[in-house]
Amino acid sequence: MDIRHFTLSELEALSQKIRDRILEVVSSNGGHLSSTLGATEIIVAMHKVFNPHKDPFIFDVSHQSYAHKLLTDRWEEFATLRQFGGISGYTKPSESDADYFVAGHSSTSISLGVGAAKAIALKNEQENRIPVVVIGDGAMSAGMVYEALNELGDRKYPMVIILNDNEMSIAKPIGALSRMLSSAMASPFYQRFKRKTEQFVDNFGEGAHYLAKRFEESFKLITPGIMFEEMGIEYIGPIDGHDLKSLIETFEVAKGMGKPVLVHVQTIKGKGYEIAEGKHEKWHGVSPFDLKSGVASSKSSTKSATQIYADALMDQAAKNEKIVGVTAAMPSGTGLSVLIEKYPERFWDVAIAEQHAVTSMGALAKEGFKPFCTIYSTFLQRGFDQVIHDVCLMDLPVVFALDRAGIVGEDGETHQGAFDISFLRLIPNMTLCAPRDELSFYQIVEYVAGYQHPCSIRYPRGSFIEADLPASIPFETGKGQLLISNDSDKLFIGYGNGVGRAAQTIALMEDKPSLLDLRFVKPLDSEMLQTMAQRHKQWYVFSDSARLGGVGSALLEWLSEAKITDVQVVSFEYDDIFIKHGNTKLVEESLGLLPEQLAKTILGG
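First, a word on scope: everything that follows refers to the structure included in this document. Please read these numbers as outputs of a predicted model, since none were measured by experiment.

Attention now goes to the overall build of the chain. Helices and strands together make up the secondary structure of the chain, namely 23 helices and 19 strands. Out of the 605 residues in the chain, the part that is buried amounts to 56%. Per element, the accessible surface of the chain, about 25700 Å² overall, is 53% carbon and sulfur.

The subject of this paragraph is unusual backbone geometry. For the bond running from Gly-237 to Pro-238, omega is 0°, close enough to zero to count as cis. Locating Pro-238 in the fold gives a position in strand β5 (residues 234-240). Here the amide bond leading from Lys-522 into Pro-523 is cis, since omega sits at 0°, within 30 degrees of zero. Inspection of the secondary structure puts Pro-523 in the loop between β17 (520-522) and α20 (526-535). Notably, Ser-107 is not glycine yet its phi reads approximately 75°, a positive angle. Its location among the elements puts Ser-107 in the loop between α4 (66-70) and α5 (109-122). By relative accessible area, which is 1% here, Ser-107 ends up buried. If you check the backbone angles, Asn-429 has positive phi at about 75° while not being a glycine. The residue Asn-429 is located in the loop between α17 (420-425) and β12 (431-433) in this model.

A separate point is the sheet that holds β17. Spatially, the seven strands line up as an open sheet ordered β9-β8-β10-β11-β13-β12-β17, and their pairing is mixed. Looking at strand neighbours, the two that pair on one side only are β9 (347-349) and β17, the edges of this open sheet. Sheet twist, expressed as the average angle between the axes of neighbouring strands with direction ignored, equals 20°. Pairing geometry for strand β8 (residues 323-327) and β9, over three bridges, is parallel. Across the sheet, Val-326 pairs through a bridge with Trp-348, a residue of β9. Relative to the sheet, helix α14 (residues 354-366) contacts β8, β9, β10 (370-376) and β11 (399-403), its axis offset from that of β10 by approximately 165°.

Locating Ser-377 in the fold gives a position in helix α15 (residues 377-380). Classification of Ser-377 as buried rests on a relative accessible area of 1%. Along the sequence, Ser-377 and Phe-419 sit 42 residues apart, while their C-alpha atoms lie 7.7 Å from each other. Each residue touching Ser-377, except ones within four places of it in the same chain, is listed here: Leu-402, Asp-403, Arg-404, Ala-405, Gly-417, Ala-418, Asp-420 and Phe-423.

Another aspect to go through is a nonpolar patch on the surface. Where nonpolar side chains cluster on the molecular surface, the patch consists of Tyr-100, Phe-101 and Val-102 and spans about 270 Å² of accessible area. Tracing the backbone shows Val-102 in the loop between α4 and α5.

Right, let's talk about the pattern of salt bridges for a bit. Tallied over the full model, the rule gives 30 salt bridges. We note a salt bridge from Lys-245 to Glu-249, for which the minimum N-O separation is 2.8 Å. Here Glu-249 and Lys-245 lie together in helix α11 (residues 244-255), a separation of four residues that amounts to about one turn. Here Lys-245 falls in the partly exposed class, since its relative accessible area comes to 45%. Here Asp-575 ties to Arg-547 by a salt bridge, and the two come within 2.6 Å at their closest N and O atoms.

With that out of the way, let us pick up the pairing of strand β6 (residues 260-266). With seven of seven residues buried, β6 lies mostly within the body of the structure. Relative to β6, strand β4 (residues 159-165) runs parallel, the two being bridged by seven bridges. Across the sheet, the residue bridging to Met-159 is Pro-260, located in β6. For β5 and β6, the ladder comprises five bridges, and the chain directions are parallel. Looking at the pairing, Glu-234 lines up with Val-261 of β6.

If you look at the biggest cluster of nonpolar residues, it comprises 49 residues, and the most contacted ones within it are Ile-22, Leu-33, Met-46, Ile-162 and Phe-251. For this core, the leading source of residues is helix α1 (residues 8-29), giving seven residues. Apart from the residues lying within four places of it in its own chain, the contact partners of Ile-22 are Ser-27, Leu-33, Thr-36, Leu-37, Thr-40, Tyr-66, Ala-67, Leu-70 and Phe-78. Of all hydrophobic cores here, the second largest spans 47 residues; its members include Leu-364, Phe-423, Leu-432 and Val-521.

Now for the packing of α5 against helix α6 (residues 143-155). The description of two helices packed together rests on the angle between their axes and the distance between the axes. Interaxial distance between α5 and α6 falls to 8 Å at its minimum, and their mutual angle equals 30°. The angle between α5 and α6 falls in the class roughly parallel. Here Ile-110, Ser-111, Val-114 and Lys-118 of α5 lie close against α6, whose contacting residues are Met-144, Val-145, Ala-148, Leu-149, Glu-151, Leu-152 and Arg-155. Partitioning the contact of α5 with α6 into residue classes produces seven nonpolar, one polar and three charged.

This part takes up the packing of aromatic side chains. Evaluated as defined, the whole model comprises 23 aromatic pairs. Between the aromatic rings of Tyr-309 and Phe-441, the centroid separation amounts to 6.0 Å while the plane-to-plane angle is 35°, which identifies the pairing as tilted. Of this pair, Tyr-309 sits in helix α12 (residues 305-319) while Phe-441 sits in helix α18 (residues 438-449), placing them 132 residues apart in sequence. When its relative accessible area of 0% is taken as the criterion, Tyr-309 is described as buried. Since its relative accessible area comes to 0%, Phe-441 is described here as buried. With a centroid separation of 5.6 Å and 85° between ring planes, the pair formed by Phe-384 and Phe-423 is classed as edge-to-face. Here Phe-423 lies in helix α17 and Phe-384 lies in helix α16 (residues 384-392), a separation of 39 residues in the sequence. Judged by its relative accessible area of 28%, Phe-384 is partly exposed. Against the face of Trp-75 rests Lys-17, its NZ or CZ located 5.2 Å from the ring centre.

Calculation notes
- Residues numbered from 1 in each chain as written.
- Predicted model: local features only at pLDDT ≥ 70, side-chain atom pairs only at ≥ 80, totals over all residues.
- Heavy atoms only, no water.
- Helix = DSSP H or I, 4+ residues; strand = E, 2+ residues; numbered from the N terminus.
- Buried < 20%, exposed > 50% of the residue type's maximum accessible area, 1.4 Å probe, protein only.
- Areas by Shrake-Rupley, 256 points an atom, 1.4 Å probe, with all protein chains shown as cover.
- Pairing = 2+ DSSP bridges.
- Axes fitted to C-alpha atoms, helices over the stretch in contact; angles between N-to-C directions.
- Contact = heavy atoms within 4.5 Å.
- Patch = residues over 30% accessible without salt bridge, like charges linked within 9 Å, V, L, I, M, F, W, Y side chains within 5 Å.
- Salt bridge = Lys/Arg side-chain N within 4 Å of Asp/Glu carboxyl O.
- Core = buried A, V, L, I, M, F, W, Y, C linked by side-chain atoms within 4.5 Å.
- Parallel < 35°, antiparallel > 145°, perpendicular 65-115°, else oblique.
- Nonpolar A, V, L, I, M, F, W, Y, C, P; charged D, E, K, R; others polar.
- Phe/Tyr/Trp six-rings, centres within 6.5 Å; stacked < 30°, edge-to-face > 60°.
- Lys NZ or Arg CZ within 6 Å of the ring centre and 35° of its normal.

Printed below as a string of structure tokens:
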């Protein structure tokens, strides 16, 4: 949809239509709501001033990009948002050439903008193209942002950075004077005056430059932009992010400046849906809900793994004052919010700063505390070097509690928790273990609370797969638990949530295999595996993780080292692909991982 010739009143009507469509679809499908509602006018103004098929539109995280999707020929298709086979909840170039880059993790946008600006300069296209970046104030807590700003301020590539401040956490406007000055700095008159002044003082040497610079700095001290100006980035704002006229005029000015410009825009989360307006975290990402009441359409009666973890950690924290913990901008999602509330001096949310979170816990461990670094599996990828350098190298007893391990459903490729076993298993001093149900989760948290080396526990989004199995026994380092012992050539080996999947598969088979809960993938239970290798010659591996470097790989390595050659290993871990988004059951069905599919595969059907 080309809206560059729309009048202001037409754009305002369009903005309301977009909000209505977002609410209609998200209330039915679930998705990100408050941020994307708040960014509607920003995106409409971007499409008015810039060309999304020519100018790189780069959305940080991109969960706030729904209006952009609706404006780029996906209005009808938007009904399939986050559904299996439908459009993604994030930007995705395979959907549209207006989606410049894949996004899903935070704080990458300005670096992408710098790369795009370099390419535009090398191709001599600066007269016709300019990168436009949208980044939220929350993403400004990550160090990568400042690495990019540092280079951008030095090299001065033309770029427009739109800082969507929907929490007022960067700076609050300082009364009427600040608003007046912000409007003045956004005006074409001020920018023309500044350029002419710069040209004028060039003729009068260093003294004139010094006086002009001092005047401008004093002018800006009462606005929030001094930090960006000191980094070499022009600053305009803050401006009202729901005032289309101001947004369009400001973007036009920024577009014509020929240098890096940061436009500070203040918005209200959930704008246009009164129930969600404001700083309500629960409206950031939502499941389907009733549009009139705001009440969730359905709630699971089964206790989630996240809830179990929070309860188990709370029990241990009450017993041991040395237990501390951290999360990176996901207090509710990881369950750590209840511990932060009860023990604010011992549990922290450090915002989107995974590297800092990991390293700071290393120092706490060195000082004799017992840190729990609670983080989504996918986001620990951002702290990989710190896990090696700042924890494992010194063999420090930090616990990495990895939520959302396995398929996460509608968030898709950027959020699937597939790789943690593969990238953690290779690190010296690291122990890897996993619970299979509520009892084993309590036991494993108690076990790792006293463990004196780095370790990782992984658990799924939602609830564990239910299965009627013998009760879990207390954890002992490197020891598995044989749950079902049968006179069969087949052995099912489950790890974590894979145990339940294996048990459900067994229930569909006449020839009942034995079932081993591996519990530890590093170190492996060599004694148990030796016994199993003598009794069972066909091993089937069940784990919600990538096959390459995963549980099956660990078992094959062990068999090779033990010089056991008559055991065949078949792994039902994930193939070497990025797993698509969609309802978890439908995604698993597409991968052939439902119990009835697995039973058929094993039986050669």
